[in-house]
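Understanding the architecture of this molecule
Below, each chain spelled out in residue letters.
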Amino acid sequence: MELKKIRNDFPILKRKINGKRMVYLDSAATSQKPKQVIKEIEKYYENYNSNVHRGIYKIAAEATEEYEEARKKIAKFINAKSEKEIIFVRGATEAINLVRFAWAEKLRPEDEIISTVMEHHSNIVPWLMLKKKGIDLKFVEINDDGTLRMEEFKKLITPKTKLIAVSHVSNVLGTINPVKQIAKLAHENGARILFDSAQSVPHMPVDVQELDCDFMAFSGHKMFGPTGIGVLYVKEEVYREMEPFMGGGEMIKEVFLTNATWKDPPHKYEAGTPDISGAIALGYAVDYLEKIGMKKMKEHEKTLTRYALEKLSKVPGIKIYGPKNAENRGGVIAFNLGDIHAHDLATILDEQGVAIRSGHHCTMPLHSKLGVSATARASFSIYNTKEDVDELVNALNKARKVFGI
Ligand SMILES: Cc1ncc(COP(=O)(O)O)c(C=O)c1O
């Protein structure tokens, strides 16, 4: 009953595709949005659209208040010590690039960064770009079951290691990495730790103090918020090691023709007019997630993942990637069916109203480790049901018939 009520909050789920109920199984790419969030965007533009931190008139004050309130909500949501630790960015990609330019720019040629082979491109490419400065990059490999080879962290880490950048949950394998353990290892060796939490913050309770991370990146659009807004969490003490990312309005205290001084963080890292309605809407998305409860989100997705792993594993010809056990993974399942190309599979499923993702999911190095160029991927959120999984399995069985598998 409650699930029905939740589904009703997401207007798009009423859509029909080819005359069939749309089964949306691509929340890892972007989540759908509840009407409570959509309404707040409309409310902003209809009632108090104005720039923040500038005007002193009524609606400008309202916009500033709502924008800063959203920052407070997000800080509380991830248990940051203070809202000063929350920088608004466009998404996880920009958050990681902010760390690359504002923190890692000062690294020296002999320094090293450790990441893993399971990362999204947004947690590989910014570090690859540092190679031209002579920074050495090392990647931890994975076991056959899609878990990280933890012993490799210990082997690879040296006094030259300045940063470990690792995903909290893999967007392909679904693996939940032992990030607390990795953070401890980083700190014991004098390195900073960055978590790409694009696939964890929307789906499970995340506590930055408990995990003891220095940087955490995530995207609003994967957690019921709009596109174009995301967050970089920075542990307050780490701000001392950072320089501004972009220069311009909003981030300055004073400007002279010879020099300029900066505002205190987080504003120092938010140059120009921000995505005001996006940040405010993200604050309301956080309210929505908290109303459901992150433990409940996690449990629901785990139940669905367990059910899906069981049902999918019975489909003849299927190969599922990542941990076999639902306990060790988030609600993301990548697979291949026989030798059908993932794009062909996704096209056939689409004809039946089932929306899944296909391709390399921005993880080309991981796919080459898996020995394939593409996979199909189903991913879940709170609004998905066991019937959705059944529809997926039915659609896959139809695809088998089409391709004679
Ligand atoms: C693990 C992970 N990291 C980073 C990103 C990049 O997020 P965005 O495109 O919102 O910046 C994604 C998006 O799919 C992701 O799954």
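Residues numbered from 1 in each chain as written. Predicted model: local features only at pLDDT ≥ 70, side-chain atom pairs only at ≥ 80, totals over all residues.

**Remarks on the sheet that holds strand β13 (residues 318–320)**
Stated precisely, the cut-off is as follows: The rule for pairing is simple: two strands pair if DSSP sees at least two bridges between them. Note on conventions: DSSP H or I runs of at least 4 residues are helices, E runs of at least 2 residues are strands, and numbering of each starts at the N terminus. Only C-alpha atoms enter the line fits that serve as axes; for helices the fit covers just the stretch in contact. Angles between N-to-C directions range over 0 to 180 degrees. For the purpose of contact definition, each residue receives a C-beta atom placed from its backbone, and two residues are in contact when these atoms lie within 7 Å.
As summarised here, the arrangement of the four strands in space is β13-β14-β17-β16, forming an open sheet in which the pairing is antiparallel. At either margin of the open sheet sits one strand with a lone partner, and together these are β13 and β16 (357–359). With direction set aside, neighbouring strand axes in the sheet form an average angle of 30 degrees. The sheet strands contacting helix α11 (residues 342–351) are β14 (332–337), β16 and β17 (375–379), and the helix crosses β16 at an angle near 160 degrees.

**Section: the site of the ligand**
Rules: What makes a residue near a molecule or strand is its C-beta atom, placed from the backbone, lying within 6 Å of it. Amino acids are sorted into nonpolar (Ala, Val, Leu, Ile, Met, Phe, Trp, Tyr, Cys and Pro), charged (Asp, Glu, Lys and Arg) and polar (every other residue, Gly among them).
Around the ligand sit 13 residues, and of these Gly91, Thr93, His120, Asn171 and Ser219 come closest. Per-class residue counts for the shell around the ligand are four nonpolar, eight polar and one charged.

**What about the domain arrangement of the protein chain?**
Our working definition: Throughout the structure description, domain borders are defined by an automatic or database domain assignment.
According to the domain assignment, the protein chain contains domain 1 (2–30 + 294–403) and domain 2 (37–291). Relative to domain 2, the C-alpha centre of domain 1 lies at a distance of 28 Å. Contacts between domain 1 and domain 2 engage 26 residues on the former and 26 residues on the latter. Mapped by element, the contributors of at least two residues to the side of domain 1 that touches domain 2 are α10 (294–312), β14, α12 (364–370) and β17. Taken together, the residues of the side of domain 1 that touches domain 2 break down into 11 nonpolar, eight polar and seven charged.

**A few points about the sheet that holds strand β5 (residues 112–116)**
Sheets are built from strands that pair by backbone hydrogen bonding, the pairs being arranged parallel or antiparallel. Across the sheet, which stays open at both edges, the seven strands sit in the order β4-β10-β9-β8-β7-β5-β6 with mixed pairing between neighbours. Two strands lie at the open edges of the sheet, namely β4 (86–89) and β6 (136–140), each paired on one side alone. Direction aside, neighbouring strands of the sheet carry axes that sit 20 degrees apart on average. Bridge count between strand β7 (residues 161–167) and strand β8 (residues 192–196): five bridges; the pairing is parallel. Along β8, the bridge assignment pairs Ile164 with Ile193. Across the sheet, helix α7 (residues 179–188) is in contact with β7 and β8; its angle to β8 comes to roughly 155 degrees.

**Some words on the packing of α11 against helix α13 (residues 386–403)**
The following threshold applies: Here is the rule for handedness: rotate from the far helix to the near one, and if that takes an anticlockwise turn smaller than a right angle the crossing is left-handed, while a clockwise turn gives right-handed.
Orientation of α11 relative to α13, taken along the N-to-C sense of each, is 120 degrees, at an axis distance of 9 Å. Considering how the two elements wind past one another, α11 and α13 form a crossing that is right-handed. Two secondary-structure elements touch here, α11 through Leu345, Ile348 and Leu349 and α13 through Ala395, Lys398, Ala399 and Val402. Taken together, the residues that form the contact of α11 with α13 break down as six nonpolar, no polar and one charged.

**Notes on the environment of Glu299**
Following the sequence through the fold, Glu299 ends up in helix α10. For the pair formed by Glu299 and Met204, sequence separation is 95 residues and the distance between their alpha carbons is 8.6 Å.

**Examining unusual backbone geometry**
We apply this condition: Burial in this document is a count-based property: other C-beta atoms within 10 Å of a residue's C-beta are tallied, and the residue is buried at 20 or more, exposed at 12 or fewer, or partly exposed in between, with C-beta positions derived from the backbone.
Between Pro265 and the following residue, Pro266, the backbone shows a cis peptide bond with an omega angle of 5 degrees. Along the chain, the position of Pro266 falls in the loop between β12 (260–262) and α9 (276–292). A positive phi is found at His53, a non-glycine position, where the angle reads about 60 degrees. Along the polypeptide, His53 turns up in the loop between α2 (35–48) and α3 (58–77). For Phe224, which is not a glycine, the phi torsion comes out positive at approximately 75 degrees. The residue Phe224 is located in the loop between β9 (215–219) and β10 (230–234) in this model. For Phe224, a count of 30 C-beta atoms within 10 Å translates into the label buried.

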